[in-house]
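# Residue-level structure breakdown
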Amino acid sequence: MTIDHFAGATIIVPTYNEAPNVEPLVRRIVAAMDGVACEVLFVDDSSDGTADEVRRVAGLVDTPVRVIHRDEPVGGLSGAVILGLEQAAHDACVVIDGDLQHPPERIPALVARFRAGDVDAVVASRYVRDGSAAGLADLTRNLVSRVTTALTKAMFPLRLRDCSDPMTGFFLVDRTRVDLALLRPRGFKILLEILARQQLRVAEIPFDFAERAAGASKASIRQGARFLVQLAALRFGKMSAFAIIGGLGAVANLAIMWTLTQLGMPYIWAAIIAAEATIIGNFLLQERFVFREMLDEASSGRTRFAKSFAFNNTEALVRIPVLALLVETWHISSVVAAAITLAVAFVARYAFHALVVYAPRRGRSARTQRVLEEIDEQVTAPGEL
């Protein structure tokens, strides 16, 4: 898209319980975009009446303002943004948070840089000269943000070489340059998802990240865990997300086993208890973070759990005698032997869950087919995304 083809911009605002911020946000957008054709599109997952507030405010301004309310927030904030990209009236789409931490007054700068015609996306960055992350709640969040940004850029050195702030939620993208079918919405780092999955020409402008005006922050330990799984899935595919959870389970398994043996329990019983606890914990995490997009077409939750529980216990029945053999015959430390057997069991466990536990009940949708094709590709590590 060049300046001659620019017809206007859609400002996409994904919201979750942001009703108090709607009117000031819309009024600031309208004032900032004076003279530039635009619409404001809210994609709302709220339960606090945010959608009704958007409809009320739409009657107060001349700029088109509309809302899409989702009863089921599939894909979280990322899924909301993708829906907004699909439903936007213009190809130039600006994504901005609804909490007023992203200043609407910077939208014209995003648009102006985009209209130069040499980029596909313009990112509002906290980390370029004249930018600021002062709105992060405290020093810890600021440090976490910078560390995760550095980690992300290290994992995608080519795709993110022109982007200093891939974690920002404030950017403009030409939706005609984005293959939405490639995206796997999860969590809230949609820009990372877009840039990591396809090569785009990127430019940046600075902005000051402000303090939240109203409402509660959505940041949480759960969101942090979801981000780590997203990052692993982007870099290595679904198998690595499974591996992260398996690794956490393995650490928990060893910790439980070590604690019980230190309390005087025989190592065999300690291994059994540790295995049962981590089997259940791993299943719950896999449901949430690895195979979530396959749940609608898979068997019921009880059936999935029964299959997973039966397989993992069968695997444990095989693994624990091997554990005993390693300890009693080869005189290997019980904890080291447990680590070896857990590593060997990983590939079989992943294959069974991907192809049996979460197999579709009947037929395959295009989305499920893509997921299964992705699973098949995880046997070998991909190159630079």
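Before reading on, note that the structure itself is shown above.
The numbering scheme is per chain: residues are counted from 1 as the chain's sequence reads. Only residues with pLDDT of at least 70 get local features here, since the model is predicted, and only at 80 or more are side-chain atom pairs given and counted; chain-wide, interface and lining totals rely on the full set of residues. Water and hydrogen atoms were dropped before computing side-chain values, which therefore reflect all heavy atoms in the structure.

### Details of the sheet that holds strand β6 (residues 171–174)
DSSP bridges decide pairing: two strands pair if at least two such bridges lie between them. By the criteria applied, helices consist of DSSP H or I runs no shorter than four residues and strands consist of E runs no shorter than two, each listed in order from the N terminus. If you walk across this open sheet you meet the seven strands as β3-β2-β1-β4-β6-β5-β7, and the pairing is mixed. The open sheet has two free edges, formed respectively by β3 (65–69) and β7 (202–206), since each of these has just one partner strand. Across the sheet, the mean angle separating the axes of adjacent strands is 25 degrees when strand polarity is ignored. Where strand β1 (residues 9–15) meets strand β2 (residues 38–44), seven bridges bridge the pair, whose relative direction is parallel. From the neighbouring strand, Thr10 faces β2, where its bridge partner is Glu39. Should any heavy atoms of two residues lie within 4.5 Å, those residues are counted as being in contact. Only C-alpha atoms enter the line fits that serve as axes; for helices the fit covers just the stretch in contact. Angles between N-to-C directions range over 0 to 180 degrees. Contacts from helix α1 (residues 19–32) reach β1, β2 and β3 within the one sheet, and its direction differs from that of β2 by about 155 degrees. Sitting on the sheet, helix α3 (residues 76–87) touches β1, β2, β3, β4 (92–95) and β6, and the angle it makes with β1 is about 155 degrees.

### Observations concerning α3
Every α-helix winds through 3.6 residues per turn, so residues three or four apart in the chain are directed the same way. For a helix, the expected span equals 1.5 Å multiplied by the residue count minus one. Given a rise of 1.5 Å per residue, twelve residues ought to cover 16 Å, and the 17 Å separating the end C-alpha atoms of α3 matches this to within 8%. Here α3 has its buried residues at Ser78, Gly79, Ala80, Val81, Ile82, Gly84 and Leu85. Buried positions along α3 lie against β1, β2, β4, β6 and α6 (190–197). For every residue, the accessible area obtained with a 1.4 Å probe (protein chains only) is divided by the maximum for its type, and the residue is called buried under 20%, exposed over 50%, and partly exposed between those limits.

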